[in-house]
Amino acid sequence: MLYCTFTDANDLREKVAKHLPKIVLAVVARLHRTNDLQKFTQQINDTDKLSEVRLAQLVDTDRRRLNRILAELEDDLDRAVKRRLGDVYLRPSSESWR
């Protein structure tokens, strides 16, 4: 751990700039020594794959929902434009689209 006192923001900036490279090197060395870097890389890759799957699921769900909305709108338009003798007026759907 690194403990120090500083007088102002510039003093803090100078002390951090002076010690940061050593701290980063120590962390990198520890990550390589313990294979934690590979574990983190694997976790990132696994998360990335899961994100791709979830995004594909969301796109598919939205596509199906949009197709249902469009089909209902086309049906409502078709009924409104092409009235025939004996047609009964159907109220628009009250289904809530989420």
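The notes below deal with the structure included here.

So, on to the side chain of Asp-36. Note that Asp-36 resides in helix 2 (residues 36-81). The residues touching Asp-36, leaving out its near neighbours within four places in the chain, are Arg-30 and Leu-31.

Another point: a nonpolar patch on the surface. Together, Phe-6, Leu-12, Val-16, Leu-20, Ile-23, Val-24, Val-27 and Val-28 give the surface a local cluster of nonpolar side chains, amounting to about 620 Å² of exposed area. Within the secondary structure, Ile-23 sits in helix 1 (residues 9-34). For Ile-23, a relative accessible area of 41% translates into the label partly exposed.

Here we take up helix 1. Relative to the 38 Å expected for 26 residues at 1.5 Å per residue, helix 1 spans 35 Å between its end C-alpha atoms, a close match to the ideal helical length. His-19 marks the point of greatest bend in helix 1, at about 40 degrees, and the proline Pro-21 comes within the next four residues. Where helix 1 begins, the capping side chain belongs to Asp-8, and its oxygen is found 3.3 Å from the backbone nitrogen of Asn-10. With its phi angle positive at about 65 degrees, Asn-35 sits one or two positions after the end of helix 1.

Structurally, the position occupied by Asp-11 is in helix 1. For the buried residue Asp-11, which engages in no salt bridge, the nearest side chain bearing the opposite charge is Lys-15, 4.0 Å off. Once you skip the residues sitting within four places of it in the chain, Asp-11 turns out to touch Thr-5 and Phe-6.

Here the focus is unusual backbone geometry. Phi at Asn-35 takes a positive value of approximately 65 degrees, unusual for a residue other than glycine. Along the chain, the position of Asn-35 falls in the loop between helix 1 and helix 2. By relative accessible area, Asn-35 is classed as partly exposed at 42%.

Calculation criteria
Residues numbered from 1 in each chain as written. Predicted model: local features only at pLDDT ≥ 70, side-chain atom pairs only at ≥ 80, totals over all residues. Heavy atoms only, no water. Helix = DSSP H or I, 4+ residues; strand = E, 2+ residues; numbered from the N terminus. Contact = heavy atoms within 4.5 Å. Patch = residues over 30% accessible without salt bridge, like charges linked within 9 Å, V, L, I, M, F, W, Y side chains within 5 Å. Areas by Shrake-Rupley, 256 points an atom, 1.4 Å probe, with all protein chains shown as cover. Salt bridge = Lys/Arg side-chain N within 4 Å of Asp/Glu carboxyl O. Buried < 20%, exposed > 50% of the residue type's maximum accessible area, 1.4 Å probe, protein only. Expected span 1.5 Å × (residues − 1). Bend = angle between axes of the 7 residues up to and from the residue. Polar contact = N/O pair within 3.5 Å; in protein donor to acceptor, adjacent residues only side chain to side chain. Lys, Arg positive; Asp, Glu negative; His and termini not counted.

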